[in-house]
Amino acid sequence: MELWKLGIKAAREGLEKGDFTSRDLVEAIIARRNEADTKIGAYLTFDEEQALALADANPKAVPIAVKDLINVTGQPCTCGSKILKGYISPYDATVIRNMKARGFIPAGRVNMDEFAMGSSTENSALGVTRNPFDLERVPGGSSGGSAAAVGGELCYAALGTDTGGSIRQPASFCNCVGVKPSYGRVSRFGVTAFASSLDQVGPLAKSVEDAAILLGAIAGHDEMDGTTPKDPVPDYAALLAGASLKGVRIGVVKEYAGIAGLDPEVKRITDEAIAKCTAAGAEIVEVSLPHAEYAMAVYYIIAPAEASANLARFDGVRYGHRSERSNDVFSLYTRSRAEGFGPEVKRRIIMGTYVLSSGYYDAYYGRAQKVRTLIRCDFEEAFSKVDAILTPCAPTPAFKLGELQDPLTMYLNDLFTIPSSLAGVCAASVPAGFTAARPDRPALPVGVQFICASFAESKLLQISKAFEEAMK
Amino acid sequence: MTSPKIDVAYVAELARLELTEEEKALFQPQMESIVKYVEKISSVDVEGVPPMMHGRELVNSFREDVVRPSMDREKALGNAPARVGDEFLLPKIVEGAES
């Protein structure tokens, strides 16, 4: 039996029946990784000894691949950066503690864009990750290793993080389900911060049900993260029973009609997804997000601003790379950071420092926060009319490695995912089909995005599940 | 909004980031185009709109203020690039002081 093909639900059933143990699941992934990951490059490291020890201690647990910015005791946590070479985590992130208590163990660390900044995983300083559906193409990013591991059947499911689309866009590129929870639903404690008002941890999985199980295992209040309210975590997976699109009001965004840069095949697949929803009994309603066109600009002010502050902790003092060329404290800071960070991280630090600097703060950061309020209000208005909003997930299918050189062009990948991130609501990417094969491009997976109101994960997952069923 | 030219070398210094000449030459036009792009928010009417300070509006998220054990010192120092005893070792900071 090829255990590595299983998802969480099937793995759990087999564990319950005694067909196999957690050790068998880990060993299957180790064998699969040795065979297939040499081509894909999803994993950065895999501590076989620790994974097997955890499996033996938890014989009914399902192993989960972990994005390399989530701390797991005794494991590296590189964040895809040279600056954290050699770093070993002294503690478990809350999401890891939660999932260990609920039948999961961490197994393997997967690649990512450095400090989660990017949309292709090409910004990783530690290795190339390829799209399992076409090795010439990127897996998306920043959770590209997570998505490639799930899409390439190199794990049962994975954890990723999403700041402006970093779970959803790679999920779309690699044919998996990716959920970005509402801001505050999942603790960020122990997760290396990129943009603190936007970051969320979420699952990338082989089915909506698997994603629901894993989200339920990591979510909830954490006194180490003051942004997680005490709202109880519903049993997301149990609530999927009988999920239907009948009578569900699905919004399509007026402003996205005829939007520039949308690949015709992505448009076709999104239109077909809307038709599937209608056929399954959903009511399609036009909604307006009048300020969505400013979301990219707002994001590329707020996210770098927060990143420039968060990344100030990498100074060569307490952990991480320290320059050998430094002779005083100032050069220790400037040179350790110069040697440790890659180009995209440097650009974002410069951008963030600029928009927060004296004389520009009000015009950029202050103003962006106000426009962010308007974007959130657009969503609140829309969700007074509809249960969910359906959009393309990414404007294109996976692009080629090295194809996008200009930073701003790369940023446009997150066109459809950024508005919901800024609003703090929840969203999921669900597989919706494949592009038609062309001489220059094989058939590639494409996901659509469902967006629901803040803390409406139950509804989001039910709608996603019903859509997944409708696509079968 | 005024349209100031971003001085990459100066901002990098504020950010404690040493750039090579090649990086300065590469980043300067890239940052100018990014700054130009984000300036589109200057046309939005934000009169009377409150700023959204965080991802979720929460007020006074408190927990009990109780003393509890913190991270073990050896663990906290475990990733130190350089240490002396129980302290992180750094180059001399104060001018004229004994190092």
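Residues numbered from 1 in each chain as written. Chains lettered and ligands numbered in written order. Predicted model: local features only at pLDDT ≥ 70, side-chain atom pairs only at ≥ 80, totals over all residues.

So, the overall build of chain A
What chain A contains, in helices and strands, is 15 helices and 11 strands. In terms of its C-alpha atoms, chain A occupies a principal-axis envelope of roughly 70 × 60 × 50 Å. With 472 residues in all, chain A has 62% of them scored as buried. Put simply, 75% of the contacts in chain A that link residues at least 6 apart link residues at least 24 apart. (Helix = DSSP H or I, 4+ residues; strand = E, 2+ residues; numbered from the N terminus. Buried ≥ 20, exposed ≤ 12 C-beta atoms within 10 Å, placed from the backbone. Contact = placed C-beta atoms within 7 Å.)

Some details on the overall build of chain B
Helix and strand content of chain B: 3 helices and 2 strands. The C-alpha radius of gyration computed for chain B amounts to 23 Å, which surpasses the reference 13 Å derived for 99 residues by more than 25%, pointing to a less compact arrangement than a globule. Seen through its principal axes, chain B has C-alpha atoms that stretch 55 × 45 × 25 Å. Counting all 99 residues of chain B, 16% fall into the buried class. (Rg over C-alpha atoms; globule rule 2.2 N^0.38 Å.)

Regarding the pairing of strand β8 (residues 283-287) of chain A
When strand β7 (residues 249-253) of chain A meets β8 of chain A, the two strands line up parallel, connected through 5 bridges. Across the sheet, Ile250 of chain A pairs through a bridge with Ile284 of chain A, a residue of β8 of chain A. (Pairing = 2+ DSSP bridges.)

Some remarks on the sheet that holds strand β1 (residues 43-45) of chain A
All names here are of chain A. Spatial ordering of the open sheet is given by β1-β3-β2-β4-β6-β5-β10-β11-β9-β7-β8, a layout of 11 strands whose pairing is mixed. Since the sheet does not close on itself, it has two edges, and those belong to β1 and β8, each with one partner. Neighbour to neighbour, the strand axes of the sheet diverge by 35 degrees on average, direction disregarded. The sheet strands contacting helix α3 (residues 48-57) are β2 (62-67) and β3 (104-110), and the helix crosses β3 at an angle near 170 degrees. Against the sheet, helix α5 (residues 144-151) touches β1, β2, β3, β4 (157-162) and β6 (200-205), its axis set at about 155 degrees to β4. (Axes fitted to C-alpha atoms, helices over the stretch in contact; angles between N-to-C directions.)

Structural notes on helix α2 (residues 21-38) of chain B
For α2 of chain B, spanning 18 residues, the distance from its first C-alpha to its last is 26 Å, which sits close to the expected 26 Å at 1.5 Å a residue. By the largest-angle criterion, Phe27 of chain B marks the main kink of α2 of chain B, which is about 30 degrees, and a proline, Pro29 of chain B, follows within four residues. Of the residues making up α2 of chain B, those classed as buried are Phe27, Met31, Ile34, Val35 and Val38 of chain B. On its buried face, α2 of chain B sits against α9 (295-310), α11 (343-356), α12 (362-382) and α13 (407-411) of chain A together with α1 (8-14) of chain B. (Expected span 1.5 Å × (residues − 1). Bend = angle between axes of the 7 residues up to and from the residue.)

Looking at unusual backbone geometry
Residues Gly141 of chain A and Ser142 of chain A are joined by a peptide bond in cis, for which omega reads 10 degrees. Even without being glycine, Phe115 of chain A reaches a positive phi, approximately 50 degrees. Tracing the sequence through the fold places Phe115 of chain A in the loop between β3 and α5. Positive phi, close to 55 degrees, is recorded for Arg16 of chain B, a residue that is not glycine. Residue placement: Arg16 of chain B occurs in the loop between α1 and α2. Residue Arg16 of chain B is classed as buried on the basis of its C-beta count, with 20 C-beta atoms lying within 10 Å.

Observations regarding the interface of chain B and chain A
Contacts between the two partners involve 46 residues from chain B, matched on the other side by 56 residues from chain A. Of all the secondary-structure elements, those providing two or more residues to the side of chain B that touches chain A are α1, α2 and α3 (73-77) of chain B. Of the residues in the side of chain B that touches chain A, the class split is 32 nonpolar, 7 polar and 7 charged. (Nonpolar A, V, L, I, M, F, W, Y, C, P; charged D, E, K, R; others polar.)

Notes on the pairing of β2 of chain A
All names here are of chain A. Counting buried positions along β2 gives 6 out of 6 residues, so the element sits mostly inside the fold. Here β2 shows no split at all, with Val62, Ile64 and Val66 on one side and Pro63, Ala65 and Lys67 on the other all buried. Pairing of β2 with β3, which is carried by 5 bridges, proceeds in the parallel orientation. Its bridge partner being in β3, Lys67 is matched across the sheet by Val110. On the question of chirality, the crossover connecting β2 to the parallel β3 by way of helix α4 (residues 94-101) is right-handed. (Right-handed = clockwise from strand over helix to strand, strands pointing away.)

Quick notes on the nonpolar core
Ranked by size, the top nonpolar core spans 170 residues in total, and within it Ile64, Val298 and Ile301 of chain A carry the most contacts. Excluding residues that lie within four positions of it along the chain, Val298 of chain A makes contacts with Ala368, Val371, Arg372, Ile375 and Leu422 of chain A together with Ile41 of chain B. (Core = buried A, V, L, I, M, F, W, Y, C linked by C-beta atoms within 7 Å.)

Side note on the packing of α9 of chain A against α2 of chain B
Their axes nearest at 8 Å, the elements α9 of chain A and α2 of chain B cross at an angle of 125 degrees. Comparing the axis directions of α9 of chain A and α2 of chain B gives the class oblique. Contact with α9 of chain A, carried on its side by Ala297, Tyr300 and Ile301 of chain A, involves Ile34, Tyr37 and Val38 of chain B of α2 of chain B and no other residues of that element. (Parallel < 35°, antiparallel > 145°, perpendicular 65-115°, else oblique.)

What about the packing of α9 of chain A against α12 of chain A?
In a pair of packed helices, the angle between the axes and the distance between the axes together describe the arrangement. Residue and element names in this part refer to chain A. Following both chains from N to C, one finds α9 and α12 inclined at 125 degrees, their axes separated by 9 Å at the closest point. Looking at the two axes, α9 sits oblique to α12. Two packed elements cross with a definite hand, and for α9 against α12 that hand is left-handed. Within the contact between the two elements, α9 uses Ala295, Val298, Ile301, Ile302 and Ala305 and α12 uses Tyr364, Tyr365, Ala368, Val371, Arg372 and Ile375. (Left-handed = near helix turned anticlockwise from the far one by under 90°.)

Examining α5 of chain A
All names here are of chain A. For α5, a buried count of 8 out of 8 residues is recorded, marking the element as mostly surrounded by other parts of the structure. Along α5, the positions that sit buried rather than exposed are Gly144, Gly145, Ser146, Ala147, Ala148, Ala149, Val150 and Gly151. Residue Glu153 follows α5 closely and has a positive phi angle near 55 degrees.

Topic: the confidence of the model for chain B
Here chain B shows a mean pLDDT of 89. Residues at 70 or above account for 92%. Here the predicted complex carries an ipTM of 0.93, next to a pTM of 0.97. (pLDDT = per-residue confidence, 0-100.)

Some details on the environment of Ala275 of chain A
Residues and elements named next belong to chain A. Inspection of the secondary structure puts Ala275 in helix α8 (residues 264-279). Take Ala275: there are 11 C-beta atoms within 10 Å of it, and that puts it in the exposed class. Taking the C-alpha atoms as reference points, Ala275 and Ala193, separated by 82 residues in sequence, lie 39 Å from one another.

A short note on the environment of Leu52 of chain A
Residues and elements named next belong to chain A. For Leu52, the position within the fold is in helix α3. C-alpha of Leu52 to C-alpha of Asp24: the two residues are 28 residues apart in sequence and 9.1 Å apart in space. Residue contacts for Leu52: discarding those within four places in its chain leaves Arg23 and Val26.

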